[in-house]
Amino acid sequence: MIAHAADAPAQNLASYNFAYLDEQTKRMIRRAILKGIAIPGYQVPFASREMPMPYGWGTGGVQVTAAIIGRDDVLKVIDQGADDTTNAVSIRAFFAKTAGVATTTTTPDATIIQTRHRIPETPLHAGQVLVYQVPIPEPLRFLEPRETETRKMHALEEYGLMHVKLYEDIARNGRIATTYAYPVKVEGRYVMDPSPTPKFDNPKMHMSEALQLFGAGREKRIYAIPPHTEVVSLDFEDHPFEIQHFDEPCALCGAEQVYLDEVVLDDKGGRMFVCSDTHHCESRRAEGHRGALLGDEPAFGDQPLTDKEPAL
Amino acid sequence: MPHTPPSTTIYEGGFADPVGASQTVFRALMDAMAQPGTIHALPHVTAPPAPLTASASALIATLADADTPVWLDPALTKTSAVRDWIVFHTGAPITLHQSEAAFAVVAAPEKLSALNGFALGSQEFPDRSTSVILQVATLTDGAALTLEGPGIKGRASLAPDPLPQHFTEQWKANRQAFPRGIDVILAGPACVAAMPRSTRLIRPEA
């Protein structure tokens, strides 16, 4: 399912440099990426550029992707796991147009995956690069608004405040209530914001086969996790880190142990839970897995309907 | 890429395709940095004056520009050709002070006495450090180094030669300054490997 770019810029029109950014900007970003890889979890300042999209739409991720992408790369872009929502479609089209690269929705075929807030369910393989779009890169920002102070806290490895925050969660709610942007410690040194991914995805960052790059455009920071790097979610001995669990399998493909989105069906409380990762869900359905609400064709024997499901 | 002979003037031997060549070289270097100990092929895209090698020159032409002071070791400054080539093709200022350099290019690593003269960055800004490009004759036939750390599954080994004197001890000191420290880029013949500051050297028998 690799789509080759059809609309390469016409010869008689003025066109952008390959992948939109000028070469000097790419060099600056590339240098920041190398420092980020050398100091896993440390946020490297970089001179973020204006992009032809507003801050908050993935300008950091787009700049990182533009700096690393080559003519032979195959790009996948996901937005909350989905390949077919506005942000994903427009960023994919942006690179198809400005870089003329092939794009795909199939996770294993991609060499670069730009993501907004999910890690694909299909395990990534060596040689792939996962580029995260990051809104607020500083995990301590909501605890300490001053950049001078948070920088000093990272310098001195002073992360007590973060544990206080998690403790207050427990004191108020009886458990750690943080469910996304759950802070991690990288290689035993830097506390890092994994971007607003659900904490369900945190274990996938640990010892990943793929290189993970993070770009925050508005906040002008780049950071990285090399492959095979220790990424530990912060927790307490008596309140260990745990990921979300879902009572039901995906209503469309029957998958368990995946992250599900809630979809409201009517105004009477009807709802369904479906895979957030659209490629994972579609490829499972193509393999014949069928969830309770898939409808039409008779269900396969290996996926019995659950009686908990509301009838449609 | 066609093999281009070494340039006769400083104005020749730069990237023929700056966009494609710098991207290819950077991706090889990024992969090398992300997986210390692995060796990545570099395309033959530059033809610098000797003793600057094709791979080291491709790396510096990919990374350096007017924002990044470059330091050259004495072997590269015997004549002005290498300095002038780098200035012409990248626009980078050449600095005489190791501690000011964003990049250092070293043609004779065995004569480089100390690694700690380079910029190590500060505890607040460890990224403000020197990336040191060492020109080496081989990445596989020297004395073996055993590496551990981020980017490495278990252990990796690399055998670059020549290396700076007392490299193991110097690297240990560099690692102890973490997150401050230098990153080493090893430019071998048509290939590149890297040792970011996060990499630990261990005794092979341990």
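Residues numbered from 1 in each chain as written. Chains lettered and ligands numbered in written order. Predicted model: local features only at pLDDT ≥ 70, side-chain atom pairs only at ≥ 80, totals over all residues. Heavy atoms only, no water.

Draft legend 1. Focus on the overall build of chain A. Of regular secondary structure, chain A possesses seven helices and 13 strands. Principal-axis analysis of the C-alpha atoms gives chain A an extent of 60 × 60 × 35 Å. For chain A, with 312 residues in total, the buried portion stands at 55%. Taking contacts inside chain A between residues at least 6 apart in sequence as the whole, the part at least 24 apart equals 61%. Total accessible area on chain A stands at roughly 14,000 Å², and carbon and sulfur atoms take up 53% of it. Taking the average location of the 32 positive side-chain charges in chain A and that of its 44 negative ones, the two points are 8 Å from each other. (Helix = DSSP H or I, 4+ residues; strand = E, 2+ residues; numbered from the N terminus. Buried < 20%, exposed > 50% of the residue type's maximum accessible area, 1.4 Å probe, protein only. Contact = heavy atoms within 4.5 Å. Areas by Shrake-Rupley, 256 points an atom, 1.4 Å probe, with all protein chains shown as cover. Lys, Arg positive; Asp, Glu negative; His and termini not counted. Charge placed at Lys NZ, Arg CZ, Asp CG, Glu CD.)

Draft legend 2. Quick look at the confidence of the model for chain B. Predicted confidence across chain B gives a mean pLDDT of 93, with 95% of residues reaching 70 or more. Predicted as a complex, the structure gets a pTM of 0.92 and an ipTM equal to 0.95. (pLDDT = per-residue confidence, 0-100.)

Draft legend 3. A look at helix α4 (residues 167–176) of chain B. Residues and elements named next belong to chain B. For α4, the full list of buried residues reads F167, Q170, W171, N174 and R175. One side of α4 holds all its buried residues, which, seen down the axis, span an arc of 140°. Opposite the buried face of α4, by more than 90 degrees, sit the exposed residues E169, K172 and Q176. For α4, the secondary structure elements touched by its buried residues are β6 (145–148), β8 (183–188), β9 (191–195) and β10 (200–202). (Arc of directions from axis to C-beta.)

Draft legend 4. Spatial organisation of the sheet that holds β10(B). Residue and element names in this part refer to chain B. Strands sit in the order β7-β6-β10 across an open sheet of three strands; the sheet is antiparallel. Only two strands of the sheet have a single neighbouring strand rather than two, namely β7 (156–158) and β10. This sheet shows a mean twist of 45° between the axes of neighbouring strands, independent of strand direction. (Pairing = 2+ DSSP bridges. Axes fitted to C-alpha atoms, helices over the stretch in contact; angles between N-to-C directions.)

Draft legend 5. Structural detail: the pairing of strand β12 (residues 260–264) of chain A. Residues and elements named next belong to chain A. Across five bridges, the pairing between β12 and strand β13 (residues 271–275) is antiparallel. Opposite D261, over in β13, you have V274 as the bridge partner. Taking the residues that link successive antiparallel strands as the turn, the β12-β13 hairpin has six residues, and the phi of G269 there is positive, at about 90°.

Draft legend 6. Fine view of the side chain of N202(A). Residues and elements named next belong to chain A. Along the chain, the position of N202 falls in helix α6 (residues 202–205). Polar side-chain contacts of N202 include one of 3.2 Å to the backbone oxygen of Y182. Not counting residues within four places of it along the chain, the set of residues in contact with N202 comprises Y182, V184, P194, T197, S233 and F241. (Polar contact = N/O pair within 3.5 Å; in protein donor to acceptor, adjacent residues only side chain to side chain.)

Draft legend 7. Inspection of the interface of chain B and chain A at higher detail. Across the boundary between the two partners, chain B contributes 40 residues, which contact 39 residues of chain A. Between chain B and chain A, a total of about 3,100 Å² is buried, with carbon and sulfur atoms accounting for 61% of that surface. Contact with chain A buries area across many residues of chain B, yet V19(B), F26(B) and E124(B) alone supply 18% of it, more than any other trio. Taken together, chain B and chain A are joined by six salt bridges. (Buried area = accessible area lost by both parts, 1.4 Å probe. Salt bridge = Lys/Arg side-chain N within 4 Å of Asp/Glu carboxyl O.)

Draft legend 8. Structural detail: the pattern of salt bridges. Tallying each qualifying case throughout the model produces 25 salt bridges over all chains. The closest approach of N and O atoms between R151(A) and E147(A), which form a salt bridge, is 3.2 Å. Here R151(A) pairs with E147(A), and both are found in helix α4 (residues 147–155), just four residues apart, close to one helical turn. Its relative accessible area of 11% is what places R151(A) among the buried residues. The class for E147(A) is partly exposed, based on a relative accessible area of 28%. With its nearest N and O atoms 3.8 Å apart, the salt bridge here joins R200(B) to E148(B). Taken together, the residues span a long stretch of sequence, with R200(B) in strand β10 and E148(B) in strand β6 at a distance of 52 residues. Through salt bridges with shared partners, a single network forms among R118(A), E121(A), D201(A) and K204(A).

Draft legend 9. Summary view of the packing of aromatic side chains. Overall, the coordinates contain 13 aromatic pairs over all chains when judged by the stated rule. Between F246(A) and Y259(A), the ring centres sit 5.5 Å apart and the planes meet at 85°, which makes this aromatic pair edge-to-face. Taken together, the residues F246(A) in the loop between β11 (231–233) and β12 and Y259(A) in the loop between β11 and β12 connect sequence positions 13 residues apart. Centroid distance Y11(B) to F88(B): 4.9 Å. Interplanar angle 80°. Geometry classified as edge-to-face. With Y11(B) in the segment before α1 (18–34) and F88(B) in helix α3 (residues 81–90), this residue pair connects regions lying 77 residues apart in the sequence. Chaining the aromatic ring pairs together yields one cluster made of Y16(A), Y20(A), F94(A) and F95(A). Directly above the aromatic system of Y190(A) lies the positively charged group of R189(A), at a separation of 4.4 Å from the ring centroid. (Phe/Tyr/Trp six-rings, centres within 6.5 Å; stacked < 30°, edge-to-face > 60°. Lys NZ or Arg CZ within 6 Å of the ring centre and 35° of its normal.)

Draft legend 10. Up close: the sheet that holds strand β5 (residues 131–135) of chain B. The seven strands lie next to each other as β1-β9-β8-β5-β4-β2-β3 (chain B), forming an open sheet whose pairing is mixed. A strand with exactly one partner marks an edge of an open sheet, and here the two such strands are β1 (40–41) and β3 (94–95) of chain B.

Draft legend 11. Representation of the packing of helix α1 (residues 23–38) of chain A against helix α2 (residues 59–68) of chain A. All names here are of chain A. As a packed pair, α1 and α2 sit with axes 9 Å apart at the nearest point and diverge in direction by 100°. As judged from the angle between their axes, α1 and α2 are roughly perpendicular. Counting all contacts with α1, which are made through K26, I29, R30 and I33, the residues of α2 involved are Q63, V64, A66, A67 and I68. In the contact of α1 with α2, the residues fall into six nonpolar, one polar and two charged. (Parallel < 35°, antiparallel > 145°, perpendicular 65-115°, else oblique. Nonpolar A, V, L, I, M, F, W, Y, C, P; charged D, E, K, R; others polar.)

Draft legend 12. Fine view of the nonpolar core. Within the largest apolar cluster, 91 residues are counted, with the highest numbers of intra-cluster contacts made by I33(A), I37(A), I68(A), F95(A), L213(A), M30(B) and L59(B). At ten residues, the largest contribution of residues to this core is made by α1(B). Counting residues in each nonpolar core, the second largest holds 26 residues, with A156(B), W171(B), L186(B) and A193(B) among its members. (Core = buried A, V, L, I, M, F, W, Y, C linked by side-chain atoms within 4.5 Å.)

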